[in-house]
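Results of the structural survey
Residues per chain, in single letters:
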Amino acid sequence: MMHKFILASVLAFSATAFAAEGSLQKECASCHNISGPVAQTLKQAFAKKGPDLSYAGNKYRQDWIVSWLQKPTRIRPAGMVYGDHIKHGAKSDEIDPSTLANHKALSTADATAVAAELMQLKPHSDLLAKEKIEPGTITKQDGEMNFDKFWGCMACHLIEPEYGGLSGPELYTAAKRLQPEFIASFIRNPQAWEPKTWMPNKGASDGFIVKMVRYFDVLSKESANAQ
Ligand code: HEC
Ligand code: HEC
């Protein structure tokens, strides 16, 4: 009885301690930029140890943050900075998994508290306000033609767990992770969010951008069904 009581109060204490003001700075800021500004020079971009979270509230879906933090999976197949995790293979460059660390997992209480804090970080609401996404759908084939053949996005992004490029974040989970207006805005002008990102500004048209938002929806539903 006594033991149970002590354990319960220790757990309760650590949950409130984590949820307290400043925990993001203490626990997360060694790898993530929380307070901005985002990387302005190549040197700062290459030094990043994790994705920028200073605009998290305008980027992620809150429910996704809560569940991912409890069971983190790899999103960038070659880590934050591609060149740091590559070795030369027989045919081409290969990822060296021994150089990639697993992300720390949080309890439900901590994940919920941290996600609520992250959702308050909202620079660039003006950029999101410009994106209007009418409901609609697209065939997977039309999406893939545009993504791969017409616009060359496949060079850097996976559209299935082992299919596509390795230097950017996987995109078959994009619709689960990201707000649709953020996806649209980032494709329109990646440098407006991350001045030193490797993703090129291809001058995407409104039509293409909406197609991509719908395409990622199709891919997310498909990968959810496969699990
Ligand atoms: C040792 C460095 C390190 C620490 C400490 C760390 N992270 Fe991360 N985090 C990373 C890396 C690297 C990724 C990218 C993982 C991937 O792409 O596979 C990441 C990804 C994330 C993501 C997903 C974002 C995205 O766009 O992929 C969230 C949310 C996140 N971290 C939150 C946190 C929180 C909250 C804390 C503090 C409790 C924390 N992290 C502590 C390195 C770290
Ligand atoms: C040269 C490589 C490259 C190409 C080509 C490229 N991207 Fe990216 N993309 C990236 C990188 C790297 C990021 C991560 C942003 C960052 O933190 O710098 C990214 C991020 C994204 C994101 C946000 C995902 C997230 O989890 O943050 C979307 C959506 C996206 N790209 C879509 C596209 C589309 C659509 C195209 C084709 C028009 C494209 N990308 C072409 C490298 C690329």
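Counting from 1, residues in each chain are numbered in the order their sequence is written. Following the order in which they are written, the chains are lettered starting with A and the ligands numbered starting with 1. The predicted nature of this model means local features are confined to residues of pLDDT at least 70 and side-chain atom pairs, given and counted, to a pLDDT of 80 or more, with totals for whole chains, interfaces and linings taken over all residues. Remark: hydrogens and water are excluded; side-chain values derive from all non-hydrogen atoms of the structure.

The rule for donors is simple: N, O or S, within 2.8 Å of the metal, or within 3.2 Å if the metal is Na, K or Ca. Water isn't counted, so a site may look like it is missing partners. The iron atom of ligand 2 binds to the protein through H157 (NE2) and M199 (SD); the donor distances cover 2.0 to 2.1 Å. Around the iron atom of ligand 2, the 6 donor atoms are arranged such that angles at the metal cover 85 to 179°; this shape is classified as octahedral. One end of the pair, H157, is in the loop between α7 (140–150) and β3 (158–160); the other, M199, is in the loop between α10 (190–193) and α11 (206–226), and 42 residues separate them in sequence. For every residue, the accessible area obtained with a 1.4 Å probe (protein chains only) is divided by the maximum for its type, and the residue is called buried under 20%, exposed over 50%, and partly exposed between those limits. Judged by relative accessible area, which is 23%, M199 ranks as partly exposed. Any site counts as irregular unless it has four donors with all angles between 85 and 135 degrees, making it tetrahedral, or four or six donors with opposite ones more than 155 degrees apart and the rest between 65 and 115, making it square planar or octahedral. Strands here mean DSSP runs of E at least two residues long; helices mean DSSP runs of H or I at least four residues long; both are numbered from the N terminus.

What follows deals with the side chain of N146. Relative to the elements of secondary structure, N146 occurs in helix α7. For N146, the contacting residues outside a window of four places in its chain are W151, F208, K211 and M212. Contacts are residue-level and defined by heavy atoms, with any inter-residue pair within 4.5 Å sufficient.

Below, the discussion takes up the pattern of salt bridges. Only one rule defines a salt bridge in this text: a Lys or Arg side-chain nitrogen within 4 Å of an Asp or Glu carboxyl oxygen. Per the counting criterion, the structure on display carries 7 salt bridges. As a salt-bridge pair, D142 and K211 come within 3.7 Å of each other at their nearest N and O atoms. Pair noted here: D142 is in helix α7 and K211 is in helix α11, with a separation of 69 residues, a long-range link. Judged by relative accessible area, K211 falls into the partly exposed class, the value being 30%.

Moving on, we get to the site of ligand 1. The local shell around ligand 1 holds 19 residues, among which C28, C31, H32, Y60 and H103 are the closest. Side-chain polar atom of Y60 to an oxygen atom of ligand 1: 2.5 Å apart, as the coordinates give it. Contacts described as polar in this section are N or O atom pairs within 3.5 Å, which, within protein, must combine one atom able to donate a hydrogen with one able to accept it, while residues neighboring in sequence count only if both atoms come from side chains. Contact between ligand 1 and R76: an oxygen atom at 2.7 Å from a side-chain N or O atom of the residue. Looking at the shell around ligand 1 element by element, the count peaks at 3 residues for helix α4 (residues 62–70). Here the shell around ligand 1 is composed, by residue class, of 11 nonpolar, 4 polar and 4 charged. We call a residue near a molecule or strand as soon as one heavy atom of that residue lies within 4 Å of the molecule or strand. Classification convention: Asp, Glu, Lys, Arg as charged; Ala, Val, Leu, Ile, Met, Phe, Trp, Tyr, Cys, Pro as nonpolar; all other residues, Gly among them, as polar.

On to the site of ligand 2. Surrounding ligand 2, one finds 18 residues, the nearest of these being C153, C156, H157, T197 and M199. One of the side-chain nitrogen or oxygen atoms of K59 is found 3.2 Å away from an oxygen atom of ligand 2. Here a nitrogen atom of ligand 2 sits 2.8 Å away from a polar atom, N or O, in the side chain of H157. Looking at the shell around ligand 2 residue by residue, the classes come out as 12 nonpolar, 4 polar and 2 charged.

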